[in-house]
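In case you want the letters, here they are:
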Amino acid sequence: WRGREGAPYSTLVPSDEVTINYRHGLPVITLMLPTRSERCQFTVKPVVTTVGAFLQDVRREDKGIERAEVFSTDGSKVSDATLMEVLLMNDFKLVINDTAYSVSPPVKDKLNSEHATEMEDIKSLVHRLFVALHLEDHQIRKERELLQKVDHLKEELLPLEQMKARIMNSADAKTSRLLWVGLALMSTQGGALAWLTWWVYSWDIMEPVTYFITYGSAMAFYAYFVLTKQDYIYPHAKDRQFLHYFYRKSKKQHFNVERYNKLKDDLAEAEESLRRLRQPLHLRLPIQEISDKD
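Residues numbered from 1 in each chain as written. Predicted model: local features only at pLDDT ≥ 70, side-chain atom pairs only at ≥ 80, totals over all residues. Heavy atoms only, no water.

*Asks:* When you look at the UniProt feature "transmembrane region" (unreviewed entry) in the chain in this model, what are you seeing that I'm missing?
*Replies:* Look at the UniProt record and you will see "transmembrane region" (unreviewed entry) annotated at residues 178-197 and 209-227. Along residues 178-197 the backbone is 100% helical and 0% strand, and the end-to-end C-alpha distance reaches 28 Å. As annotated, residues 209-227 comprises 100% helix and 0% strand, and the C-alpha atoms at either end are separated by 27 Å. (UniProt positions renumbered as here; feature names shortened; annotations may be inferred. Helix = DSSP H or I, 4+ residues; strand = E, 2+ residues; numbered from the N terminus.)

Structure representation (structure tokens):
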């Protein structure tokens, strides 16, 4: 057995100088402090304690220790970041100053199936108790965060809603005027055709004219379908013209439609989260707490 520089250690002490016993489920390492010449016990938590932390505790107990390291049986140094739980699975060598202690950890008895089931039940019970004690506070804190978010989004949406209402009124008025203008033109066309048919010319002369007017209207409706990929249905055409006026007016007044839609989606999502959160919350909170929030 050789040291870090390859020189042999002065002594190699048998395993009985360093003993490991389990007390209350935790390993207790007993070893002889070289300077103080007394045995000292170190209780470690194998799941959280590292080899480096254990060696620091040893140096803290005996200020005369200049070197404390752990090596595996094949001579490889064990990292300080290694958990003690991993170290205690196999034999190892503990080097203090120039003395190497051969350590053989005892084999911990495996839990039988009944004991393991009891431990799982205890863990489940602890988890349920933790949820019962902390879930209500978490829900109240989450509800307050959502309420603040909803209020903030409503404040941002208020000026946009007012601007949107003005733009919609303007676009609706223009669309209505366009519809009335279309009705007036169709009425004028019908009156002109009737006047030409009965007072100026005869039906024999006006019949080809009305045919081409009808054919031209059919071409116009077909062109509408080619451009919009939609049938010329009056409600759809009205909505399309309304949106045309709306977006043109929004661009002139610098109304950000995308930002408005994003805020509306965020507000709807926050209100839905608040609604789902309040379903179990109103069943668990005291009456005074509910009335304060309402």
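Now, onward.
*Asks:* Sorry, what's going on with helix H4 (residues 203-228) here?
*Replies:* Working note: α-helix, 3.6 residues per turn, so residues spaced by three or four point in the same direction. With 26 residues, H4 extends 37 Å between its outermost C-alpha atoms, agreeing within 8% with the 38 Å of an ideal straight helix rising 1.5 Å per residue. Those residues of H4 that sit buried are Met206, Thr210, Tyr224 and Thr228. Looking one or two residues past H4, lysine 229 carries a phi angle of roughly 60 degrees, positive in sign. (Expected span 1.5 Å × (residues − 1). Buried < 20%, exposed > 50% of the residue type's maximum accessible area, 1.4 Å probe, protein only.)

*Asks:* Got a minute to help me understand the pattern of salt bridges in this structure?
*Replies:* Opposite charge on two side chains allows them to pair when their charged atoms are near. In this structure the tally under the stated criterion is 7 salt bridges. Between lysine 77 and aspartate 80 there is a salt bridge; the shortest N-O distance is 4.0 Å. Of the residues examined, lysine 77 reaches a relative accessible area of 46% and is grouped as partly exposed. The residue glutamate 272 makes a salt bridge to arginine 275 at a minimum N-O spacing of 2.5 Å. Placement of the pair is glutamate 272 and arginine 275 together in helix H6 (residues 257-284), with a separation of 3 residues, close to one helical turn. For glutamate 272, a relative accessible area of 33% gives the class partly exposed. (Salt bridge = Lys/Arg side-chain N within 4 Å of Asp/Glu carboxyl O.)

*Asks:* Can you help me understand unusual backbone geometry in this one?
*Replies:* Excluding glycine, residues mostly carry a negative phi; peptide bonds, for their part, are mostly trans. In this model, histidine 254 sits at a positive phi of 60 degrees, which is unusual for a non-glycine residue. Summarising the element assignment, histidine 254 is placed in the loop between helix H5 (234-252) and H6.

*Asks:* Teacher, can you tell me more about the packing of aromatic side chains here?
*Replies:* Each pair of aromatic rings is reported with the distance of its centres and the angle of its planes. For the structure shown, the criterion picks out 8 aromatic pairs. With a centroid separation of 6.4 Å and 40 degrees between ring planes, the pair formed by tyrosine 222 and phenylalanine 225 is classed as tilted. Residue tyrosine 222 and its partner phenylalanine 225 are located together in helix H4, separated by 3 residues, close to a single helical turn. (Phe/Tyr/Trp six-rings, centres within 6.5 Å; stacked < 30°, edge-to-face > 60°.)

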